[in-house]
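Residue-level structure breakdown
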Amino acid sequence: MVSFAADIKPLFDQGDIDCMTPQGVILDDYAYMSNKGGDAKYDDHANASHVYARLAGDEKPRMPKGGPFWTQDKLDLFKKWMDEGYAP
Ligand code: HEM
């Protein structure tokens, strides 16, 4: 089981966290990243879904802004965390 604390949070570096927290995207916060709330695009877990879409480049600009972009392995791990139910 993929854990947010052990496997996902360490994927974000301090620069990512410092850049995005003032914009309300709190990458290192489990409550934010596992929030069940939906929006106009996603029925549920919109926060994590938008983060994934930005990492994968499905939403633009792709993040982290200017790169280096995540490898497929890191993207797959994040998606596995989502598919397995957002474990803490
Ligand atoms: C919902 C998801 C996200 C949204 C809506 C978003 C949006 C933005 C926006 C609007 C900026 C400012 C761009 C500018 O100054 O022109 C930015 C900067 C940045 N974002 Fe994101 N972002 C998201 C997710 C992420 C993620 C997942 C990462 C890292 C893994 C990331 C890393 C960064 C960094 C490092 C910057 C600063 C770039 C710089 O000024 O050099 N962001 N983001």
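In case you missed it, the structure is sitting above this.
Residues numbered from 1 in each chain as written. Predicted model: local features only at pLDDT ≥ 70, side-chain atom pairs only at ≥ 80, totals over all residues. Heavy atoms only, no water.

**Notes on the packing of helix 4 (residues 46–56) against helix 5 (residues 72–83)**
- Running from N to C, helix 4 and helix 5 cross one another at 165°; their axes reach a closest spacing of 11 Å. Classed by the angle they form, the pair helix 4 and helix 5 counts as roughly antiparallel. Judged by the twist between their axes, the crossing of helix 4 over helix 5 is left-handed. Together, A48, S49, V51, Y52, L55 and A56 of helix 4 and L75, F78, K79, W81 and M82 of helix 5 make up the contact between the two elements.
- Residues of the contact of helix 4 with helix 5, tallied by class, amount to 9 nonpolar, 1 polar and 1 charged. (Axes fitted to C-alpha atoms, helices over the stretch in contact; angles between N-to-C directions. Helix = DSSP H or I, 4+ residues; strand = E, 2+ residues; numbered from the N terminus. Parallel < 35°, antiparallel > 145°, perpendicular 65-115°, else oblique. Left-handed = near helix turned anticlockwise from the far one by under 90°. Contact = heavy atoms within 4.5 Å. Nonpolar A, V, L, I, M, F, W, Y, C, P; charged D, E, K, R; others polar.)

**With respect to the nonpolar core**
- Counting 20 residues, the largest nonpolar core has I8, F12, M33, F78 and W81 as the members making the most contacts within it.
- If sequence neighbours within four positions are ignored, M33 has contacts with F4, F12, I26, L27, A48, V51, F78, W81 and Y86. (Core = buried A, V, L, I, M, F, W, Y, C linked by side-chain atoms within 4.5 Å. Buried < 20%, exposed > 50% of the residue type's maximum accessible area, 1.4 Å probe, protein only.)

**Let's talk about the coordination of the iron atom of the ligand**
- Bound to the iron atom of the ligand are the protein donor atoms M20 (SD) and M63 (SD), situated 2.4 to 2.5 Å from the metal.
- Around the iron atom of the ligand sit 6 donor atoms, and with donor-metal-donor angles ranging over 85 to 178° the site reads as octahedral. Linking M20 in helix 2 (residues 14–20) with M63 in the loop between helix 4 and helix 5, this pair joins segments that are 43 residues apart in sequence. (Donors = N, O, S within 2.8 Å, 3.2 Å for Na, K, Ca; no water. Tetrahedral: all angles 85-135°; square planar, octahedral: opposite > 155°, others 65-115°.)

**Remarks on the packing of aromatic side chains**
- Here the structure, examined in full by the defined rule, presents 7 aromatic pairs.
- Relative to W81, the ring of F4 has its centre 5.4 Å away and its plane inclined at 45°; by these criteria the two rings are tilted. Here F4, found in helix 1 (residues 4–8), pairs with W81, found in helix 5; they are 77 residues apart in sequence, far enough to count as distant.
- Taking the relative accessible area as the measure of exposure, W81 reaches 0% and is therefore buried.
- Taken together through their ring pairs, the aromatic side chains of F4, F12, Y30, Y52, W70, F78, W81 and Y86 make up a single cluster. (Phe/Tyr/Trp six-rings, centres within 6.5 Å; stacked < 30°, edge-to-face > 60°.)

**Here we look at the site of the ligand**
- Around the ligand, the surrounding shell holds 15 residues, and the nearest of these are C19, M20, Q23, M63 and K65.
- Between an oxygen atom of the ligand and a side-chain N or O atom of K65, the distance comes to 3.4 Å.
- Taken together, the elements giving at least two residues each to the shell around the ligand come down to helix 2 and helix 4.
- The dominant element in the shell around the ligand, judged by the number of residues it contributes, is helix 4, at 4 residues. (Near = heavy atom within 4 Å. Polar contact = N/O pair within 3.5 Å; in protein donor to acceptor, adjacent residues only side chain to side chain.)

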